[in-house]
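# Coordinate inspection notes
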Amino acid sequence: MSLDTSGSTRTPDRTAARTPARTGRPLVDRAAPLIRRAAPVLGWVVTLAVAAQLAQGAYGQLTESERSVGMFEAIGYPASAVLLIGVLQGVAVLLYVVPWTAFLGALLLTAYLGGAVAAHVRLEDSLAHTLTPVLFAVGIWAALFLRSERIRRAVLTGR
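Calculation notes
Residues numbered from 1 in each chain as written. Predicted model: local features only at pLDDT ≥ 70, side-chain atom pairs only at ≥ 80, totals over all residues. Heavy atoms only, no water. Phe/Tyr/Trp six-rings, centres within 6.5 Å; stacked < 30°, edge-to-face > 60°. Buried < 20%, exposed > 50% of the residue type's maximum accessible area, 1.4 Å probe, protein only. Helix = DSSP H or I, 4+ residues; strand = E, 2+ residues; numbered from the N terminus. Lys NZ or Arg CZ within 6 Å of the ring centre and 35° of its normal. Polar contact = N/O pair within 3.5 Å; in protein donor to acceptor, adjacent residues only side chain to side chain. 1 Å grid on protein atoms, 1.4 Å probe; cavity = no way out; pocket = protein on both sides within 12 Å on 5 of 7 lines; lining within 4 Å. Points joined across faces, edges and corners; volume = space filled by probe spheres on them. Salt bridge = Lys/Arg side-chain N within 4 Å of Asp/Glu carboxyl O. Expected span 1.5 Å × (residues − 1). Arc of directions from axis to C-beta.

This part takes up the packing of aromatic side chains. Going through the model one piece at a time under the given rule, you end up with two aromatic pairs. Taking 5.8 Å as the distance between ring centres and 50 degrees as the angle between the ring planes, the aromatic pair formed by Phe72 and Tyr77 counts as tilted. A relative accessible area of 8% means that Phe72 is categorised as buried. Relative to Trp141, the ring of Phe103 lies with its centre 5.5 Å away and its plane at 75 degrees, an arrangement referred to as edge-to-face. Placement of the pair is Phe103 in helix α4 (residues 102–122) and Trp141 in helix α5 (residues 127–147), with a sequence separation of 38 residues. We classify Phe103 as partly exposed; its relative accessible area is 45%. Between the NZ or CZ atom of Arg147 and the centre of the ring of Trp44, over which it lies, the distance is 4.1 Å.

This is the structure we're talking about:
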């Protein structure tokens, strides 16, 4: 207990030091600056991870590796298509990584991955093989959502 200047006794408020100050704003609003700073960083981490995987595949196609040619022939594409598809995939990955053209790159990669899903369905591949391109597409758009304030605003507000 402490004695204040008026001479009355009172118990000290020990919880005041432990509770955060009430600002009148919801927690989401108070966390917004942190989210605004962390979202682009996380978006770039996911972008680079997805782009590295897709660029590796494009490299295999551009070099016409035995593995790439074999996979394309198993799907039913001629070996002559490997190089063209590798160029298209590589260009799409580059467009996706560059901030000014990321939206176009994401659209092109989504179309490319849609073709991969169609090929896996046609071959009656396992569910895991069929869903892998879908997961890549989700990662592409999630990363773009996180790294672009304009896209976040457009998705969340419709403007």
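On we go from here.
Below, the discussion takes up the side chain of His120. Mapped onto the fold, His120 is located in helix α4. At a separation of 2.6 Å, a polar atom in the side chain of His120 contacts the side chain of Asp125.

Looking now at the layout of surface pockets. Considering only enclosed or pocket space, the largest pocket measures out at about 960 Å³ in volume. Lining of the largest pocket is provided by 29 residues; of these, Gln61, Met71, Tyr112, Ala116 and His120 occupy positions nearest its centre. Among the elements of the structure, α1 (27–62), α2 (66–75), α3 (81–97), α4 and α5 are those that each provide at least two residues to the lining of the largest pocket.

This structure, assessed with the given rule, holds one salt bridge. A salt bridge links Glu149 to Arg152; the nearest nitrogen and oxygen atoms lie 2.6 Å apart. With a gap of three residues between them, Glu149 and Arg152 both fall in helix α6 (residues 149–157), about one helical turn apart. Glu149 gets classed as partly exposed once you look at its relative accessible area, which sits at 37%.

Bringing α3 into the picture now. Over its 17 residues, α3 runs 25 Å from end to end, which matches the ideal 24 Å to within 8%, given 1.5 Å per residue. Listed in full, the buried residues belonging to α3 are Ala81, Val82, Ile85, Gly86, Gln89, Gly90, Ala92, Val93 and Tyr96. Seen along its axis, α3 keeps its buried residues to an arc of 165 degrees; they face one direction. In α3, the exposed residues that point more than 90 degrees away from the buried face are Leu84, Leu88 and Leu94.

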